[in-house]
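Examination of the molecular architecture
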Amino acid sequence: MFRSWTSDRILGAGVALAAAVGAGFLVPQSASAATTCSAPPGAAAEVVQVGDEEACGATTDGTAEAWGYGERGVGFADGRAGALVGAAGLDGGVGAAESTSGRLFALGVGAQALALGVLEGPGTAFVVAGPQSQAFVGDADDPVLCQGSGAAAFDLETVRGCIVVGDFRYVTLGAQTPPTDLP
């Protein structure tokens, strides 16, 4: 009973986090056009912008929507087959998301943060990485990877995920993680 309650609480927190990250993508674009890339549905597009300390990219096949944002970081999004994809890199972090027909958000915040998400089918997933951390969501054959002191990766369709906050680590059943022997 306790494990089910805990899993539901963690899943609920993951959904709330995904909603918060997703809501950030709906906020009007900042005045810094050099760091925001948008590729709306309608025509195939590849948009790339590179600034002094930031870069963004958005690629779509014309059926998907992709949005990338870099603020002293790198955000790159690639969407196909009706996907909704967003990625942001802030303060030295990298957010990269690639999806075919799913909804995927990736956010990397801080030095050496890498949030990489791949979603190869319908569904919803999010990936968040803090400083010196990384997170990864793959397809059903790929492991969920969560490393460092602040990272989360959840595929809500398969109910597979991982969250790391300091010494706290939680991994859902069916999610594979590598050994946690990082310094």
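Cut-off values and rules
Along each chain, numbering runs from 1 in the same order as the chain's sequence is written. Reporting of local features is limited, given that this is a predicted model, to residues whose pLDDT is at least 70; pairs of side-chain atoms are given and counted only at 80 or more, and all residues count toward the totals for whole chains, interfaces and linings. As a rule here, side-chain values cover all heavy atoms of the structure and leave hydrogens and water aside. Here a strand is any run of E in DSSP of at least two residues, a helix any run of H or I of at least four, and the numbering for each starts at the N terminus. The buried label goes to any residue with under 20% of its type's maximum accessible area, the exposed label to any with over 50%, and the partly exposed label to all in between, with areas taken from a 1.4 Å probe on protein chains only. Contacts were defined at the residue level, with two residues in contact if any of their heavy atoms lie within 4.5 Å. Only the protein chains shown count as covering a residue, and every accessible area follows the Shrake-Rupley method with a 1.4 Å probe. Aromatic rings from Phe, Tyr and Trp, taking only the six-membered ring of Trp, are treated as a pair when their centres fall within 6.5 Å; an angle between ring planes under 30 degrees marks them as stacked, one over 60 as edge-to-face, and anything in between as tilted. Any pair of cysteine sulfurs within 2.5 Å is marked as a disulfide. The predictor rates its confidence in each residue with pLDDT, a number between 0 and 100. A pair of strands is considered paired only if DSSP assigns at least 2 bridges between the two. Axes here refer to lines fitted to C-alpha atoms; in helices the fit is confined to the stretch in contact. Angles between the N-to-C directions go from 0 to 180 degrees. Only buried Ala, Val, Leu, Ile, Met, Phe, Trp, Tyr and Cys residues count toward a nonpolar core, and they belong to the same one when joined by side-chain atoms within 4.5 Å.

**Comments concerning the overall build of the protein chain**
When you go through the protein chain residue by residue, the secondary structure sums to one helix and 15 strands. Every one of the 183 residues in the protein chain was classed for burial, and the buried ones make up 46%. Restricting the contact set of the protein chain to residue pairs at least 6 apart, pairs at least 24 apart contribute 16%. Accessible surface computed for the protein chain: about 8900 Å², of which carbon and sulfur atoms make up 61%.

**Structural notes on the packing of aromatic side chains**
With the rule as written, the count across this model stands at two aromatic pairs. An angle of 5° between the planes, with centres 5.8 Å apart, marks the rings of W67 and Y69 as stacked. Of the two residues, W67 and Y69, neither departs from the other in class, the shared state being buried.

**Here's the deal with the state of the cysteines**
The final tally for this structure, using the stated rule, is one disulfide. Two residues share a disulfide in this structure: C37 and C56, whose sulfurs sit 2.0 Å from each other. An S-S torsion of about 70° defines the bridge between C37 and C56 as right-handed. Placement of the pair is C37 in strand β1 (residues 36–39) and C56 in strand β3 (residues 55–60), with a sequence separation of 19 residues. Assigned by exposure class, C37 and C56 land together as buried.

**Considerations on the confidence of the model for the protein chain**
Mean pLDDT over the protein chain stands at 81; residues scoring 70 or higher make up 75%. Overall, residues 1–34 carries pLDDT values under 50, and its contacts beyond four positions in sequence, including any with other chains, amount to 33 contacts.

**Structural notes on the sheet that holds strand β13 (residues 150–155)**
Taken in spatial order, the eight strands line up as β1-β4-β6-β8-β10-β13-β14-β15 in an open sheet, and their pairing is mixed. Both outer strands of the open sheet, β1 and β15 (168–171), are each paired with one neighbouring strand and no more. For this sheet the average axis-to-axis angle between neighbouring strands, irrespective of direction, equals 5°.

**Let's talk about unusual backbone geometry**
The phi torsion at S101 lies on the positive side, around 70°, for a residue other than glycine. In this structure, S101 sits in the loop between β7 (94–100) and β8 (103–109). What makes S101 partly exposed here is its relative accessible area of 28%. Positive phi, normally seen in glycine, also occurs at V159, with a value near 55°. Positionally, V159 belongs in the loop between β13 and β14 (160–165). Among the residues examined, V159 registers a relative accessible area of 45% and is labelled partly exposed.

**Looking at the side chain of Q147**
As for its position among the elements, Q147 is in strand β12 (residues 145–147). The exposure class assigned to Q147 is buried, which follows from its relative accessible area of 13%.

**Quick look at the nonpolar core**
Note on soluble globular proteins: their nonpolar side chains tend to be buried together. Counting 28 residues, the largest nonpolar core has A97, A106, V127 and A153 as its most contacted members. For this core, the leading source of residues is strand β10 (residues 124–129), giving three residues. When residues no more than four places from it in sequence are discounted, the contact partners of V127 are F105, A106, L107, A115, L116, G117, A135, F136, V137, A152 and A153. In terms of nonpolar packing, the next biggest core, distinct from the first, is built from eight residues, A88, F126, V128 and A152 among them.

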